[in-house]
Amino acid sequence: MTDEQLLIEFALTRLDNPGLDLEEVATLTVRRLGDDRMLDFAGLTLASRGELRGAAFPAAVEHVLRVVLTLRGPD
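All of the points below concern the structure found in this document. (Residues numbered from 1 in each chain as written. Predicted model: local features only at pLDDT ≥ 70, side-chain atom pairs only at ≥ 80, totals over all residues. Heavy atoms only, no water.)

**Re the overall build of the chain**
Link 1 in the chain: Helix and strand content of the chain: 4 helices and 0 strands.
Link 2 in the chain: Listing every helix and strand of the chain by position from the N terminus yields α-α-α-α.
Link 3 in the chain: The C-alpha radius of gyration of the chain comes to 12 Å, within 12% of the 11 Å expected for a compact globule of 75 residues.
Link 4 in the chain: Taken over 75 residues, the chain has a buried fraction of 28%.
Link 5 in the chain: The contacts of the chain with a sequence gap of at least 6 include a subset with a gap of at least 24, amounting to 42%.
Link 6 in the chain: Working note: accessible area of the chain is about 4900 Å², and carbon and sulfur atoms make up 55% of it.
Link 7 in the chain: Taking the average place of the 8 positive charges on the side chains of the chain and the average place of its 13 negative ones, the gap between the two points comes to 2 Å. (Helix = DSSP H or I, 4+ residues; strand = E, 2+ residues; numbered from the N terminus. Rg over C-alpha atoms; globule rule 2.2 N^0.38 Å. Buried < 20%, exposed > 50% of the residue type's maximum accessible area, 1.4 Å probe, protein only. Contact = heavy atoms within 4.5 Å. Areas by Shrake-Rupley, 256 points an atom, 1.4 Å probe, with all protein chains shown as cover. Lys, Arg positive; Asp, Glu negative; His and termini not counted. Charge placed at Lys NZ, Arg CZ, Asp CG, Glu CD.)

Take a look at the structure:
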């Protein structure tokens, strides 16, 4: 999944849940995309940190937030 596709998924999730903060939307996005994507995202986060082990779900949420904030650009 490209960063642009992830941003679209995040935006669609945010449209469905307008009252949530960014981390809550990222959490729902990871759940919406399923276990395979969660593991992919977690692996990317752990690799960028140089870690071999970590909790998969929070690492996946961190990846989604990092991508969203990076592509969103400066405020």
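**A word on the side chain of T27**
Link 1 in the chain: Positionally, T27 belongs in helix α2 (residues 22–33).
Link 2 in the chain: The contacts of T27, once residues within four sequence positions are left out, are F57 and V61.

**What to know about the environment of D35**
Link 1 in the chain: Its location among the elements puts D35 in helix α3 (residues 35–49).
Link 2 in the chain: The sequence separation of D35 and I8 amounts to 27 residues, and the corresponding C-alpha distance is 18 Å.

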